[in-house]
Amino acid sequence: MITWFCEWRDVGGLSTGVSDSDVRAIASLVRICKPIESATLMRPVPAVDPHYQDTSKSSCLVMQIDFRDALSLESALTRSGPLAALCEPMLFPSLSDLKPTQEVMLGRNYPVARRAQSEGQEIAYLVTYSGPAQDELSWHTSYLARHRVVLTKLVGIKQLEIFTPAIAVSGLPIPFVRSLQRNRTLFDSADAMMEAMLSEVRTELRSDFENFPPYEGEARHEPHSLVRIV
């Protein structure tokens, strides 16, 4: 799949967060955008990973839309398409003080051992490696061969997605960013994610992290509540 991320961040300390009404309005907007394989909104939640407790720099809102192919994605990102309304500040007042960015990536959905769902709020853990790496191909090869396998062993994990950079054309007047890589793990609840973060597998992940091939930049770890749109 090919995935479009749109992220809104508070860079001036002026935002009070994204309102529920704006989240509902964005969801309604996305639902009329065709064809879409899936779409979710992610909103920050208090830290549930003891290794990364500072969530003060987390995105205020992240939208992830998965498309079947690049042509479908690019047709949705034209200036006359439905997603162009995201750039109209009067339509979504709580976004007016936030800085949006967009990114296009190739997505991979890996099988995991699923357990019964709870009735809690699903938690998506979005990890972004800004990069660059000294040898990008070597970095990805190592990550997919080792780190990805360990991630699938996390207790309670119900989904694992890994994203690498792609190039696509967008007509939306939103700045592009390019990350070295992103991954998103999904859990049934904050408690389920906390259990995974306190496990021996989490310790194994941390050890493997220390042995990544050389790269620069930050590794943002951001827990979010998940809102399913499509």
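Definitions and cut-offs
Residues numbered from 1 in each chain as written. Predicted model: local features only at pLDDT ≥ 70, side-chain atom pairs only at ≥ 80, totals over all residues. Heavy atoms only, no water. Phe/Tyr/Trp six-rings, centres within 6.5 Å; stacked < 30°, edge-to-face > 60°. Helix = DSSP H or I, 4+ residues; strand = E, 2+ residues; numbered from the N terminus. Buried < 20%, exposed > 50% of the residue type's maximum accessible area, 1.4 Å probe, protein only. Bend = angle between axes of the 7 residues up to and from the residue. Contact = heavy atoms within 4.5 Å. Polar contact = N/O pair within 3.5 Å; in protein donor to acceptor, adjacent residues only side chain to side chain. Pairing = 2+ DSSP bridges. Salt bridge = Lys/Arg side-chain N within 4 Å of Asp/Glu carboxyl O. Disulfide = S-S within 2.5 Å. Core = buried A, V, L, I, M, F, W, Y, C linked by side-chain atoms within 4.5 Å.

Another aspect to go through is the packing of aromatic side chains. Using the criterion set out here, one finds eleven aromatic pairs in the structure. Ring geometry for Trp139 against Phe212: centres 5.4 Å apart, planes inclined by 75°, an arrangement best described as edge-to-face. Of this pair, Trp139 sits in helix H3 (residues 136–151) while Phe212 is found in the loop between helix H5 (200–209) and strand S8 (219–228), placing the two residues 73 residues apart along the sequence. The class for Trp139 is buried, based on a relative accessible area of 1%. Judged by its relative accessible area of 10%, Phe212 falls in the buried class. A ring pair is formed by Phe209 and Phe212, whose centres lie 5.3 Å apart and whose planes are at 65°; its orientation type is edge-to-face.

So, about the environment of Asp191. Relative to the elements of secondary structure, Asp191 occurs in helix H4 (residues 190–197). Taking relative accessible area as the criterion, Asp191 reaches 66% and is therefore assigned exposed. Sequence-wise, Asp191 and Leu144 are 47 residues apart; in three dimensions their C-alpha atoms are separated by 27 Å.

Let us now look at H3. Where H3 bends most, the angle comes to about 35°, and this point is Leu144. All buried positions along H3 are accounted for by Trp139, His140, Ser142, Tyr143, Leu144, His147, Val150 and Leu151. Contacts from the buried residues of H3 go to strand S4 (99–110), strand S5 (123–129), strand S6 (159–165), strand S7 (181–187) and H5. Between a side-chain oxygen at the N-terminus of H3 and the backbone nitrogen of Leu137 the separation is 3.3 Å; the capping residue is Asp135.

Along a regular strand, successive side chains alternate from one face of the sheet to the other. By the criterion of burial, S8 is predominantly enclosed, with seven of the ten residues buried. Where strand S2 (residues 38–44) lies against S8, five bridges are found, and the strand directions are antiparallel. Residue pairing in the sheet places Thr40 in a bridge with Arg228 of S8. Two strands pair when backbone bridges link them, and S5 and S8 are joined in this way by seven bridges, in the antiparallel orientation. Residue pairing for S8: Ala124 is matched across the bridge by His224.

Further remarks concern the pattern of salt bridges. In total, this model carries 18 salt bridges according to the counting rule given. In this structure, the salt-bridge partner of Arg9 is Glu222, at a minimum N-O distance of 3.8 Å. With Arg9 in strand S1 (residues 2–9) and Glu222 in strand S8, the pair connects residues that are 213 residues apart, well separated along the chain. Each member of the pair, Arg9 as well as Glu222, is classed as buried. The shortest N-O distance in the salt bridge between Arg146 and Asp208 comes to 2.8 Å. Remark: Asp208 occurs in helix H5 and Arg146 occurs in helix H3; sequence separation between them is 62 residues. Beyond isolated ion pairs, a larger network of salt bridges with shared partners links Glu7, Arg9, Glu103, Arg182, Glu218, Arg220 and Glu222.

Here Asp54 shows up in the loop between S2 and strand S3 (61–67). Overall, the relative accessible area of 57% leaves Asp54 in the exposed class. Sequence separation of Asp54 and His221 is 167 residues, and the distance between their C-alpha atoms is 9.2 Å.

Moving on, we get to the state of the cysteines. Summed over all chains, the structure comprises zero disulfides. With no disulfide of its own, Cys6 lies closest to Cys87 among cysteine sulfurs, the gap being 7.5 Å. Here Cys87 falls in the partly exposed class, since its relative accessible area comes to 26%.

In terms of nonpolar packing, the biggest core is built from 33 residues, with Trp4, Ile26, Val30, Met63, Ile65, Leu83 and Leu86 touching the most fellow members. When contributions to this core are tallied by element, the ones reaching two or more residues are S1, helix H1 (20–31), S2, S3 and helix H2 (70–76). The element contributing the most residues to this core is H1, with five residues. Within the second largest apolar cluster, 28 residues are counted, among which are Ile123, Val127, Leu144 and Leu151.

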